Amino acid sequence: MSRIGKQPVALPDGVTASLSGQTIEVKGPKGTQSFTATDDVTLTVEDGAVSVTPRGKSKRARQQWGMSRTVVANMVHGVSNSFKKELEIQGVGYRAQLQGKVLKLNLGLSHDVDFQIPEGITVTVPKPTEIIVEGNDIQEVGQVAANIRDWRKPEPYKGKGIRYKGEYIFQKEGKKK
């Protein structure tokens with residue numbers, strides 16, 4: 001029995017959910033999101049909460065139960081609050097700046113990297129060495145942050161590169177003379 005799946009998702013004030021078949025649409029102050037569940041689960045909206053129940057006892061139904069409930073919970077959180085990922089840049093001369101909907105990254109390459117910011121995502125650069133990625137879709141926020149980080153992952157000798165805030169990079173010992 002899924003410990004996550006059996007808990008209903010409470011809808012906070014200002015958030016509404018509408019159900020049509022297997023598709024649930026959640027509206028809130030930060031936008032709208034929709035999710036189409038598989039036929040292995042049943043979605044119900046009642047008493048200001050969304051509940052997910054499995055159809056049958058198959059392994060796939062039990063897998064989809066907890067996953068569907070988590071997706072709905074992330075949608076409810078995303079339209080009421082925002083998801084945020086913070087990145088830090090470390091390295092001499094490495095910096096970022098925002099020009100409209102383009103994030104310009106200077107990462108020690110022979111050219112500057114121009115990263116196009118997708119719709120629905122907000123990127124801010126409070127300092128030249130900090131990047132904040134925000135949006136109401138947790139998957140899209142995480143993917144954009146990962147795509148930015150992929151341009152220069154932190155290396156294990158000096159720690160130079162783009163890392164998530166608070167991420168620990170295991171430092172290796174260099175050559176011995």
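What counts as what
- Residues numbered from 1 in each chain as written.
- Predicted model: local features only at pLDDT ≥ 70, side-chain atom pairs only at ≥ 80, totals over all residues.
- Heavy atoms only, no water.
- Helix = DSSP H or I, 4+ residues; strand = E, 2+ residues; numbered from the N terminus.
- Rg over C-alpha atoms; globule rule 2.2 N^0.38 Å.
- Buried < 20%, exposed > 50% of the residue type's maximum accessible area, 1.4 Å probe, protein only.
- Areas by Shrake-Rupley, 256 points an atom, 1.4 Å probe, with all protein chains shown as cover.
- Lys, Arg positive; Asp, Glu negative; His and termini not counted.
- Charge placed at Lys NZ, Arg CZ, Asp CG, Glu CD.
- Pairing = 2+ DSSP bridges.
- Core = buried A, V, L, I, M, F, W, Y, C linked by side-chain atoms within 4.5 Å.
- Contact = heavy atoms within 4.5 Å.
- Axes fitted to C-alpha atoms, helices over the stretch in contact; angles between N-to-C directions.

**Student:** Looking at this model, I keep getting lost on the overall build of the chain. Mind explaining?
**Tutor:** In terms of helices and strands, the chain carries 2 helices and 13 strands. At 21 Å, the chain has a C-alpha radius of gyration far larger than the 16 Å of a compact globule built from 177 residues. The 177 residues of the chain split such that 36% are buried. Surface accessibility of the chain: about 10,700 Å² in total, with carbon and sulfur atoms responsible for 49%. Charged side chains in the chain number 27 positive and 19 negative. The centres of these two groups are separated by 9 Å.

**Student:** Mind showing me how you'd approach the pairing of strand β11 (residues 121-124) here?
**Tutor:** The side chains of a regular strand alternate, residue by residue, between the two faces of the sheet. Judged by which residues are buried, β11 turns out to be one-sided: Ile121 and Val123 face inward and are buried, whereas Thr122 and Thr124, on the alternate face, are not. As judged from the 4 bridges shared by β11 and strand β12 (residues 130-135), these two strands associate in the antiparallel manner. Looking across to β12, one finds that Val123 is bridged to Val133.

**Student:** Teacher, can you tell me more about the nonpolar core here?
**Tutor:** What tends to happen in soluble globular proteins is that the nonpolar side chains get buried as a cluster. Formed by 20 residues in total, the largest nonpolar core has its most connected members in Ile89, Leu103, Leu105, Ile131, Val133 and Ile148. Looking at this core, the elements that each hand over two or more residues are β7 (83-90), β9 (102-106), β10 (113-116), β11, β12 and α2 (138-149). The element contributing the most residues to this core is α2, with 4 residues. With sequence-adjacent residues up to four places away left out, Leu103 is seen in contact with Ala96, Gln97, Leu98, Val113, Asp114, Phe115, Ile117, Val123, Val125, Ile131 and Ile148. Counting 18 residues, the second largest nonpolar core, distinct from the first, contains Val9, Leu11, Trp65 and Met75.

**Student:** What is the right way to read the sheet that holds β9 from this model?
**Tutor:** Whether parallel or antiparallel, the strands of a sheet pair through hydrogen bonds between backbone atoms. Across the sheet, which stays open at both edges, the 3 strands sit in the order β8-β9-β10 with antiparallel pairing between neighbours. One side of each edge strand has no neighbouring strand; the edge strands of this open sheet are β8 (95-99) and β10. This sheet shows a mean twist of 25° between the axes of neighbouring strands, independent of strand direction. By the bridge criterion, 5 bridges tie β8 to β9 in an arrangement that is antiparallel. Counted as the bridge partner of Arg95 is Asn106 from β9.

**Student:** I would appreciate a short explanation of the pairing of β12 in the present structure.
**Tutor:** In terms of burial, β12 is a largely internal element, 5 of the 6 residues being buried. Pairing between β7 and β12: 6 bridges, direction antiparallel. Looking at β12, one finds that Lys84 is bridged to Glu134. Count of turn residues in the β11/β12 antiparallel hairpin: 5 residues.

**Student:** What should I look at first to understand the sheet that holds strand β13 (residues 161-164) in this one?
**Tutor:** Across the sheet, which stays open at both edges, the 4 strands sit in the order β11-β12-β7-β13 with antiparallel pairing between neighbours. Two strands bound the open sheet, and with one partner strand each, they are β11 and β13. Ignoring which end each strand starts from, the neighbouring axes of this sheet average 25° apart. Contacts from α2 reach β7, β11, β12 and β13, with the element oriented near 10° to β7.

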